[in-house]
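# Working through the structure, step by step
One letter stands for each residue in the lines below.
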Amino acid sequence: MAESHAVRGTVADGFEPVRDEFAAVAAAEDSDFAAQVVAYRHGERVVDLWTGPEITGDSLLGAFSASKGAAHLVVALLVQDGVLDLDRKVSHYWPEFAVEGKQDITLRELLSHRAGLVGADTGFTLDELADDRIVAERLGRQRPYWRPGSAFGYHALVISALSGEVVRRATGRTIQEHFAARVRDARAVDVHLGLPEDQESRFLSAQPAVATPGRAGGPAAPESGANSLSGIAFNRNHPQNPELWTLPNHRTVRAQGPASLGGVASARGLARMYAAAIGSPDGTAALLKPDTAAAFAQIHSIGHDLVTREQKAFGVGFHATSEVYPVLGQGAFGHSGAGGQQAFADPRNGLAYGYSRRRFPVPNGPAPENHRLIRALHAAADGRWTASSSDLARWIVVG
Amino acid sequence: MAESHAVRGTVADGFEPVRDEFAAVAAAEDSDFAAQVVAYRHGERVVDLWTGPEITGDSLLGAFSASKGAAHLVVALLVQDGVLDLDRKVSHYWPEFAVEGKQDITLRELLSHRAGLVGADTGFTLDELADDRIVAERLGRQRPYWRPGSAFGYHALVISALSGEVVRRATGRTIQEHFAARVRDARAVDVHLGLPEDQESRFLSAQPAVATPGRAGGPAAPESGANSLSGIAFNRNHPQNPELWTLPNHRTVRAQGPASLGGVASARGLARMYAAAIGSPDGTAALLKPDTAAAFAQIHSIGHDLVTREQKAFGVGFHATSEVYPVLGQGAFGHSGAGGQQAFADPRNGLAYGYSRRRFPVPNGPAPENHRLIRALHAAADGRWTASSSDLARWIVVG
Amino acid sequence: MAESHAVRGTVADGFEPVRDEFAAVAAAEDSDFAAQVVAYRHGERVVDLWTGPEITGDSLLGAFSASKGAAHLVVALLVQDGVLDLDRKVSHYWPEFAVEGKQDITLRELLSHRAGLVGADTGFTLDELADDRIVAERLGRQRPYWRPGSAFGYHALVISALSGEVVRRATGRTIQEHFAARVRDARAVDVHLGLPEDQESRFLSAQPAVATPGRAGGPAAPESGANSLSGIAFNRNHPQNPELWTLPNHRTVRAQGPASLGGVASARGLARMYAAAIGSPDGTAALLKPDTAAAFAQIHSIGHDLVTREQKAFGVGFHATSEVYPVLGQGAFGHSGAGGQQAFADPRNGLAYGYSRRRFPVPNGPAPENHRLIRALHAAADGRWTASSSDLARWIVVG
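Counting restarts for each chain: residues are numbered from 1 in the order of the written sequence. For this description, chains carry letters from A and ligands carry numbers from 1, given in the order in which they are written. This being a predicted model, a pLDDT of at least 70 is required before a residue's local features are given, and a value of 80 or more before pairs of side-chain atoms are given or counted; all residues contribute to the totals for chains, interfaces and linings.

### Things to note about the relation of the copies chain C and chain A
What counts, and what does not: To line up the copies, we fit them by least squares on C-alpha atoms, keeping just the residues with pLDDT of at least 70 in both. Contact definition: two residues whose C-beta atoms, as placed from backbone geometry, lie within 7 Å.
Taken as rigid bodies, chain C and chain A are interconverted by a rotation of 120 degrees and an axial shift of 0.0 Å, the fit giving an RMSD of 0.0 Å. This pairing of chains is accounted for by a three-fold axis. No C-alpha of chain C lies nearer the rotation axis than that of Gly303 of chain C, which sits 4.5 Å from it. Little of the interface of chain C is mirrored in chain A, where only 4% of its interface residues again form contacts.

The structure is reproduced here in structure tokens:
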């Protein structure tokens, strides 16, 4: 194992298997592989690891869609406060939204990716994508791409611009401002929707995926056209569409922190954000009451996602994460990112988790190593699930 | 073929291929394989077979989830009588149910596995699982695990405790009492939700699955955690969760006959129950009018089941059985059991079927041999479907 | 390559790859393979090709379910005119429909294959299938096969008899009469719902599929029974069910042109019909306003189709064609046919397409060669999508 693959950092007693798994992940990657993984159990940080050149535990990486978790934590807080109501119509807060058949869409439907506003008919420039208000204004005028209520699809680059506009209309402050005040600063969470200039030195730029025959083993999607729904959702219908992996490398994106994709974070920050959401890493009260967490984790959209053309499961603004990692508890909620990120809270098991890496995986999306790391974490946290479990437990009961 | 594999019993003229298929099934199993299969056509018993040591045609075996078919036949009768209304809210009958966002859930939604009450946050002891009233009271207080209306999932151990509570509140009698009076005793159906002491001598205990490399060929579910939705639904979140296969081996389960899982039956009983539902095995009137049977067989929930994580299809309280066995007619309804049981009525083809076995299959659920037996039964009953059918008939029309 | 495989006709500059692909398709088929492919871009016919013995560019072939596209273009025109309202109940137009739980089904639900009237309990004779009024009257009396609102399934042989009855009740004229006046005659579209006697000489009879071991490589559906939902939808529950491929070979079918299956068309006609729908092949105005086209293309039913037992996506009366060919644009709409036909409009890419062949493919449904031809057409029309695109573009973004 090359020096660059050394795993640094600490784990609590009993969590050594997570370190071993992380070392095994790193050993199978290229020599420049750089990643961070952090986990909390019941408010205590039990895993704090990183590997690779240049990177430290404090390095900041592009969060990509894991940013949506930060944004929707704000929405959850505002619902908990009674400032927002999930069952109100979006147009109650944002009257201009009530056009083209969208007048009855509720905030709940919007946040569960059901509104059918996955992108713009004409696409966006980089500068437009970096500005949530421009995105919201453009989409607020559009017709939904499917009949509201009939289906759902991942609003990959725009969901939090839309929910952010609701927040701005209802409170007079942006979702970024709320996040900075109530989560980042109040709970010392190293996640940024808008990276201050003085933190720039900790940022490590994202790196492109390197496709090799051996790596291209994942499920290939059919080649979708630039004007297809997937193409529109990923802005491929715009002639100057920036490549996805480059987004956080633009200062305009980092500075404005568009809430769907432009966050910057350490894995420490991602894990601590979810630990603070459901528990008390420093003895402070959890940000979310159990009822609020349960309401946002509740599955709302499950089945065929019109954009990704895969089986997906969304709660309210978050992924229903245990649908992806069945070892997790019912009610787990979080959000992955296209650059390999994964971050979530699992209230039933008392876990919070953050993972980030510098180089895009192939295929992009939550990196496959998360499955290994999360299994190891769960096994370490819960003695009941070990290799010695009856093999029969592997068989699901269907009678 | 060892003596233990000899097939005993009788078939009507023309149904010899079912006996041959059953013999072939037995020959491929271990020497202690014990099973029963019975079928009716247009009210006449045309298949009555059993095989294995100890077992006879009158032996009683654990019915597991096939019990739900007995329970929901009672519900269908009460709806037919006008005592229950599927479109009434559950809370109309059971006011304490109207908490935690459940106030608008209808009986129809509950029976189609849409209420999101698949288990208890803290799990159940064996004694609790055996008592439908305790299960109902516990779940009546809970928040649904998903947003009512957004999804469905198999309420594996609890559905008939919930529907049973509605029956008890509406009529003053338990679902078990109704079943005994209106089905078991009135129609001589050898199915018991609560096995009388004097019938105990006919009971053969359930046997655990034997996993072997050769048998483990079915689709393995991802290893779901004890606190996952699947874990909760199968009570794996309780530290003293009894193994599923042992349930009918406890006298407390057999005696109380919890209506989701605790029935005891012969295959003769299961088949006769469905024959009586749609026809007249002894010249008596069918228990269900065609309209009632059609209403309960009508598909209500189809697609991704949140608990089993598989494609499933439910009618009202029953499986839409022809989704599993496409050779059957539209409108077939029944229920399988985790121990390999399968039982249903197929009104369009005039068929009723019951199958049970003593040893749990791998994976558990309706045993794979049901596919072979049901195809043979259908072919024998309907000369049009034979091996000489055009090969082209195997290709579905999709234009 | 035998003479019979020579490709005849013309392509516009830059569309030679479509001709090459068509030649490659033909070369892989039997010597009697006969097919037509035609495409428009922005109102200009850019592909006009045919191959095989007897056939010319003007030959007429059975359109099978591609007929539904013609029928529902009429419905779209009537909705655009304000004569029909998709959100009105079917029973508003057709009072006798309001029985057996169907009173609240809307025209929109009917057209998105949600009404549950996929066939008749007793099946149809050939003469009945050829007469839309008989089909409509029979089904108008029936109970839906699933709970309206809970699911959808392809109304393979009957959907346009049902929508046609609404048209007839609302306007006093049949869907066939509207089509002839407003589309066929007004826009010189060589598609016929009811083939005039004097056009008979151009008709080439349909030919049965030839199943060979090499060809039977597609996904085989489970063998569904004659009384299953699939069996009923394809009329296999009738003892004298005509084989599907023979339908257009009966003069009674061609003469009456039942709107679900009985159309007769050239590929020129099919492509021109969709070109006229969204553009102006001769400088005339598009038949449909963009809003109307978008409303009918909007996805309404997606997921498991109860009849075909496959993943399907329907708009209003049309297939959501880009779900089948992801290279196409969002909002593409059209309809395939069991005999291999495919036809659609793709407004975002300015394309219209028609394909037909004489011999049924194996499996039947839209022939697999459409994938190749459509990819070639799209690539020729849009220089951005070429083999030189980054391989990474093949991987879908899921983060």
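### What about the interface of chain C and chain B?
As a reminder, the rule being used: Only DSSP runs of H or I covering at least 4 residues are called helices, and only runs of E covering at least 2 are called strands; the numbering of each starts at the N terminus. Residues are grouped as follows: Ala, Val, Leu, Ile, Met, Phe, Trp, Tyr, Cys and Pro are nonpolar; Asp, Glu, Lys and Arg are charged; all remaining types, including Gly, are polar.
The interface is formed by 40 residues belonging to chain C together with 26 residues belonging to chain B. For the side of chain C that touches chain B, the secondary structure elements donating two or more residues are helix 9 (229-233) and strand 7 (301-304) of chain C. Sort the elements by how many residues they give to the side of chain C that touches chain B and helix 9 of chain C lands first, with 3 residues. The class makeup of the residues in the side of chain C that touches chain B is 20 nonpolar, 15 polar and 5 charged.

### Considering the environment of Leu84 of chain C
Residue and element names in this part refer to chain C. To keep things clear, this is the line we draw: The exposure scheme places C-beta atoms from the backbone and then counts, for each residue, the other C-beta atoms within 10 Å of its own, assigning buried at 20 or more, exposed at 12 or fewer, and partly exposed in between.
With respect to the helices, strands and loops of the structure, Leu84 is situated in the loop between helix 2 (67-80) and helix 3 (90-93). Among the residues examined, Leu84 registers 21 C-beta atoms within 10 Å and is labelled buried. With 174 residues separating them in the primary sequence, Leu84 and Pro258 have C-alpha atoms 21 Å apart. Those residues in contact with Leu84 that sit more than four places away from it in its chain are Val75, Leu78, Val79, Leu107, Val166 and Ala170.

### Focus: the relation of the copies chain C and chain B
Of the two same-sequence chains, chain C is brought onto chain B (RMSD 0.0 Å, axial shift 0.0 Å) by a rotation of 120 degrees. Mapped onto chain B, only 2% of the interface residues of chain C again fall at the interface, so the copies present different surfaces.

### Observations regarding the environment of Val264 of chain C
Residues and elements named next belong to chain C. Looking at the element boundaries, Val264 is found in strand 6 (residues 263-265). Using a count of 27 C-beta atoms within 10 Å as the deciding quantity, one classes Val264 as buried. In sequence terms Val264 and Gly52 are 212 residues apart; their C-alpha atoms lie 19 Å from each other. Apart from the residues within four sequence positions on either side, Val264 is in contact with Leu60, Gly62, Ala63, His192, Leu195, Phe203, Pro248 and Arg254.

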